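Survey of secondary and tertiary structure
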Amino acid sequence: MQANQEVISPKGRTVWWIKRDFRVTDNHCLYSSTQTSSEVIPFFCWEPSVIESADYGRFHLQAQWQALRGLSASLRKRGSGLVERVGEVVEELEALFRAHPFACLRSYQETGNDLTFRRDLAVRAWCTRRGVKWIEPVGSTVVRGMSAEQKRKVLSKGPRGRMEVLPVPDDLCPPKKVSIFTEPMEWTRLCSFFPKMGKTSVSSSLQAINERSAWDVLGSFLTERGAGYSGGISSPNSAFTSGSRLSAHLAWGTISAGSVFLALDQRREELSSDPSPGPWKRSLRAFESRLHWRDHFIQRLEGCPTMEFSAINPIFNQVKYEDDSEMLACWLAGKTGFPLIDACMRCLQETGFLNFRMRAMVVSFACFGLHLSWRTIHGPLAQIFLDYEPGIHLSQLQMQAGITGINAIRVYSPAKQLLDQDADCRFVKRWVPELRNFKTVQIAHAEEIKLEGYPEPVVSLKEQAKKMKDQIFSIRKSTEAKESNRQMLRKHGSAKSSSRGKKNQGGAKGQLALFKD
């Protein structure tokens, strides 16, 4: 036996493969590992194939980098650490296995894109070859491989959306050979591995993503900001404070949905004895509803993994788009000549955040106004959403493109949305400074009048939208579409919309609640 060979049995060692669960609180992988193993090795891998993919951008790299550094500090504080590697995960797991044999691999069940799904299949095959047991706990009510219809049939009748919340383990069971742990990688060195990132610097305009920030955001929302949630999330001005701002933390796993639900229930208990709760009860009901919708849309991707490439309602694959590259460039740069559209896109490019209504508007504009396919805008838009969640993103793209067959077609008027949600043009003037010297009425009529120093509209929205609507409605009216719509509603509609049966086949009205204040 070599002097430096490890003597601990592989059966007593578990590797916790960190995916989108950068936290120590309510982490089933970490907690279960410490209860069943004598040694736990936290492991994270920067995967070139994932980072170079079309739906991954610099905002995501920064979010994961911050989250990993926060997790590393938290683990070190508790006597542990983590192993950080750059490379394809199967190769890096093999290298780790050769140096420190292990019997069990734990990671959260992930509903990602096709690339990460195929990656997981490769990991499964590697585990089989090496005799490693791979355990994937769930982190939400999303059920692997099921449609919404199948999920409704198997879910228990317990508290809706609630899961057991686990504490931070008292002992993280670090390896005896602590030299295995690595120091957190510096930002410039990390970026050097990925040509796509260039010499990107850390942006101070993005929301900080780490576990401590997540809890701070949750606390401020439930005690201060959340009172304005109902009525405040439709405007791009107030949404920055009235919105929960938890979407990015939930997407990257710096806080769990279970922890959010628990804190929500505790806050409601406090309010139950308050004789004057004000707007809190209504706002918290609206917030809880959106938490449930979050899982519903992720479940769609589980039930229809092809929706990354094909319309979830296949009858709409025949919709024809122009996909003009110049139109795409104008849209992404915020230079379309439509003030609110441009303000939203420039805001996204800087902050990675936009409220739901404005997101729906920019997608609707791209598909109906610019005749850009939802497939074409998928990757570029995903890259600038700090809170990118594939299931939600793809579901919303297809809904706003009007190709689900069960949702009402909503073609937004940017001018009307400006007057409704940014009446004093504060948001527009902040993000489109060339319009600061114009009056609201001038900005609202930018489609009809020329504003010096600002681009003229790249299209006639009314004419373009009519062409696209005519095309989609002609498909919806066909006999084949009506049958396809019925199947779509049954398999992927919400429980509320599906229970309405024939009365709701054209609208899935339950999902319109997302647009309410």
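Fair warning: this is a prediction, and the values are worked out from it, not measured in the lab.

**Quick notes on the overall build of the protein chain**
A tally of regular secondary structure across the protein chain gives 24 helices and five strands. With 517 residues in all, the protein chain has 57% of them scored as buried. Within the protein chain, contacts between residues at least 6 apart in sequence are counted, and of these 79% link residues at least 24 apart. With an accessible surface of roughly 22,400 Å², the protein chain has 52% of that area assigned to carbon and sulfur atoms.

**Describing the environment of arginine 245**
Along the chain, arginine 245 turns up in the loop between α10 (239-242) and α11 (247-252). We classify arginine 245 as buried; its relative accessible area is 15%. The spacing of arginine 245 and phenylalanine 221 is 24 residues in sequence and 8.2 Å in space, taken between C-alpha atoms. Setting aside chain neighbours within four positions, we find arginine 245 in contact with Gln207, Val217, Arg225, Ala239, Phe240 and Phe353.

**Quick look at the sheet that holds strand β1 (residues 13-17)**
The parallel open sheet is built from five strands, whose spatial order is β3-β2-β1-β4-β5. Whereas interior strands pair on both sides, the edge strands pair on one side only; in this sheet they are β3 (83-86) and β5 (133-135). The mean angle between the axes of side-by-side strands here comes to 25°, regardless of whether they run parallel or antiparallel. When β1 meets strand β4 (residues 104-106), the two strands line up parallel, connected through three bridges. Following the sheet pairing, valine 15 is matched in β4 by leucine 105. Strand contacts of helix α3 (residues 58-77): β1, β2 (39-46) and β3, with the helix running at about 160° to β2, the strand carrying the most contacts. This element, helix α4 (residues 89-99), spans β1, β2, β3 and β4 of the sheet and lies at about 150° to β2.

**Considerations on the nonpolar core**
Counting residues in each nonpolar core, the largest one holds 105 residues, and the members touching the most others are Trp46 and Trp331. By size, the runner-up hydrophobic cluster in this structure holds 20 residues, among which are Val217, Tyr229, Ala257 and Trp280.

**Focus: the pattern of salt bridges**
A complete count under the given rule lists 22 salt bridges for this structure. One salt bridge connects glutamate 136 with arginine 124, and the closest N-O pair in it is separated by 3.0 Å. Pair noted here: glutamate 136 is in the loop between β5 and α6 (148-154) and arginine 124 is in helix α5 (residues 114-130), with a separation of 12 residues, a long-range link. Note on arginine 124: relative accessible area 36%, which makes it partly exposed. One salt bridge in this structure joins glutamate 434 and arginine 346, with 2.9 Å as the shortest N-O distance. Of this pair, glutamate 434 sits in the loop between α20 (426-431) and α21 (440-444) while arginine 346 sits in helix α15 (residues 339-351); the two residues are 88 residues apart in sequence, bridging distant segments of the chain. According to the relative accessible area criterion, glutamate 434 is partly exposed, its value standing at 29%. Exposure remark for arginine 346: the relative accessible area of 16% places this residue in the buried category.

**Details of α5**
If you check α5, its first and last C-alpha atoms are 24 Å apart, about what 17 residues at 1.5 Å a residue would give, namely 24 Å. All of the buried residues along α5 are Thr116, Arg119, Asp120, Val123, Trp126 and Cys127. Viewed end-on, α5 has its buried residues packed into an arc of 115°, placing them on one side of the element. Summarising the geometry of α5, the exposed residues directed more than 90 degrees from the buried face are Thr128 and Arg129. Turning to α5, the residues buried within the fold contact β1, α2 (48-51), α4, β4 and β5. Between the side-chain oxygen of the N-cap and the backbone nitrogen of leucine 115 there are 3.2 Å, and the N-cap of α5 in question is asparagine 113.

What counts, and at which threshold
Residues numbered from 1 in each chain as written. Predicted model: local features only at pLDDT ≥ 70, side-chain atom pairs only at ≥ 80, totals over all residues. Heavy atoms only, no water. Helix = DSSP H or I, 4+ residues; strand = E, 2+ residues; numbered from the N terminus. Buried < 20%, exposed > 50% of the residue type's maximum accessible area, 1.4 Å probe, protein only. Contact = heavy atoms within 4.5 Å. Areas by Shrake-Rupley, 256 points an atom, 1.4 Å probe, with all protein chains shown as cover. Pairing = 2+ DSSP bridges. Axes fitted to C-alpha atoms, helices over the stretch in contact; angles between N-to-C directions. Core = buried A, V, L, I, M, F, W, Y, C linked by side-chain atoms within 4.5 Å. Salt bridge = Lys/Arg side-chain N within 4 Å of Asp/Glu carboxyl O. Expected span 1.5 Å × (residues − 1). Arc of directions from axis to C-beta. Polar contact = N/O pair within 3.5 Å; in protein donor to acceptor, adjacent residues only side chain to side chain.

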